[in-house]
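Coordinate analysis (summary)
Single-letter residue listing:
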Amino acid sequence: MKEDKSKAKKTLQLLLFFSLLMIFNASIQLFINVLQERPNWLILLLLIPISIFIFIAIIISLDLAKQDYISVLGRLNSRKGNLIKISTINGERKKFRVNNNQMKNIDENIDIELHYYKRTKAVINIENVKRSDRFDG
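Now for a quick tour of the structure. Keep in mind that this is a model prediction, so the values were computed, not measured.

Criteria and cut-off values
- Residues numbered from 1 in each chain as written.
- Predicted model: local features only at pLDDT ≥ 70, side-chain atom pairs only at ≥ 80, totals over all residues.
- Heavy atoms only, no water.
- Helix = DSSP H or I, 4+ residues; strand = E, 2+ residues; numbered from the N terminus.
- Buried < 20%, exposed > 50% of the residue type's maximum accessible area, 1.4 Å probe, protein only.
- Contact = heavy atoms within 4.5 Å.
- Areas by Shrake-Rupley, 256 points an atom, 1.4 Å probe, with all protein chains shown as cover.
- Pairing = 2+ DSSP bridges.
- Axes fitted to C-alpha atoms, helices over the stretch in contact; angles between N-to-C directions.
- Salt bridge = Lys/Arg side-chain N within 4 Å of Asp/Glu carboxyl O.
- Expected span 1.5 Å × (residues − 1).
- Phe/Tyr/Trp six-rings, centres within 6.5 Å; stacked < 30°, edge-to-face > 60°.
- Lys NZ or Arg CZ within 6 Å of the ring centre and 35° of its normal.

What follows covers the overall build of the chain. Assigned secondary structure in the chain consists of two helices and five strands. Counted from the first residue to the last, the chain has its helices and strands arranged as α-α-β-β-β-β-β. Here the chain holds 137 residues, and 29% of them are scored as buried. Of the contacts formed within the chain by residues at least 6 apart in sequence, a portion of 56% connects residues at least 24 apart. Accessible surface, the chain as shown: approximately 9,200 Å² in total, 57% of it carbon and sulfur.

Listed below in structure tokens is the structure:
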């Protein structure tokens, strides 16, 4: 699991870097438009992507800083491309995006244990659950 956690962490770090890069880019565009005395509606329009990228950067930073993740036991119902749908023990249905390396060892209608970051829902690890640990869901 440590190897998968490090891959997920590297992916989140890359996304954080690109979010900060986009914040920097949008801020420069905003600054240039203010200096050129563009209309106020255009300047307000440029504030929307900055606020979105700041929100994304905060969420990713919180996941990376706190390193808290959630473990879910469930049954894999379907997988389509890199999207999987699972039914948890308490009957909830959840969707996750998973990279292809993590999907190699799992099949449909198998009990799995899935670990993911709390805020971004980035999947850290997927493991098959042993027969003695199975649940009937």
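A few words on the side chain of N33. Mapped onto the elements of the fold, N33 is located in helix α1 (residues 2-35). We classify N33 as buried; its relative accessible area is 12%. Excluding residues that lie within four positions of it along the chain, N33 makes contacts with R38, L42, I43 and L46.

On to the sheet that holds strand β4 (residues 111-117). As summarised here, the arrangement of the five strands in space is β3-β2-β1-β4-β5, forming an open sheet in which the pairing is antiparallel. The open sheet has two edge strands with one neighbour each: β3 (93-97) and β5 (123-128). Averaged over all pairs of adjacent strands, the angle between strand axes in this sheet comes to 40°, irrespective of strand direction. Sheet topology places strand β2 (residues 83-88) next to β3; five bridges connect them, and they run antiparallel. Bridge pairing in β3 places K85 opposite K95.

Once that is clear, we can look at the pattern of salt bridges. The full count for this structure, using the stated rule, is three salt bridges. Of the charged contacts, one joins R119 and D63 as a salt bridge, the two residues approaching to 3.0 Å between their closest N and O atoms. Residue R119 is found in the loop between β4 and β5, and its partner D63 is found in helix α2 (residues 40-66); the two are separated by 56 residues along the sequence. Take D63: its relative accessible area is 0%, and that puts it in the buried class. Judged by relative accessible area, R119 falls into the partly exposed class, the value being 28%. Connected via shared salt-bridge partners are D63, D68 and R119.

End to end, α2 covers 39 Å across 27 residues, agreeing with the expected 39 Å (1.5 Å per residue, within 8%). Of all the residues in α2, the buried ones are I43, L46, I50, A57, I60, D63 and L64. A positive backbone phi angle near 55° is found at Q67, which sits one or two residues after α2.

All told, the structure shown has two aromatic pairs when counted by the stated rule. K121 extends its terminal NZ or CZ atom over the ring of F96, reaching a point 5.5 Å from the ring centre.

Our next topic: the pairing of β5. In terms of strand pairing, β4 meets β5 through five bridges, oriented antiparallel. By the bridge assignment for β5, E113 is matched with E127. Between β4 and β5, which follow one another and run antiparallel, lie five residues, and K121 among them has a positive phi close to 60°.

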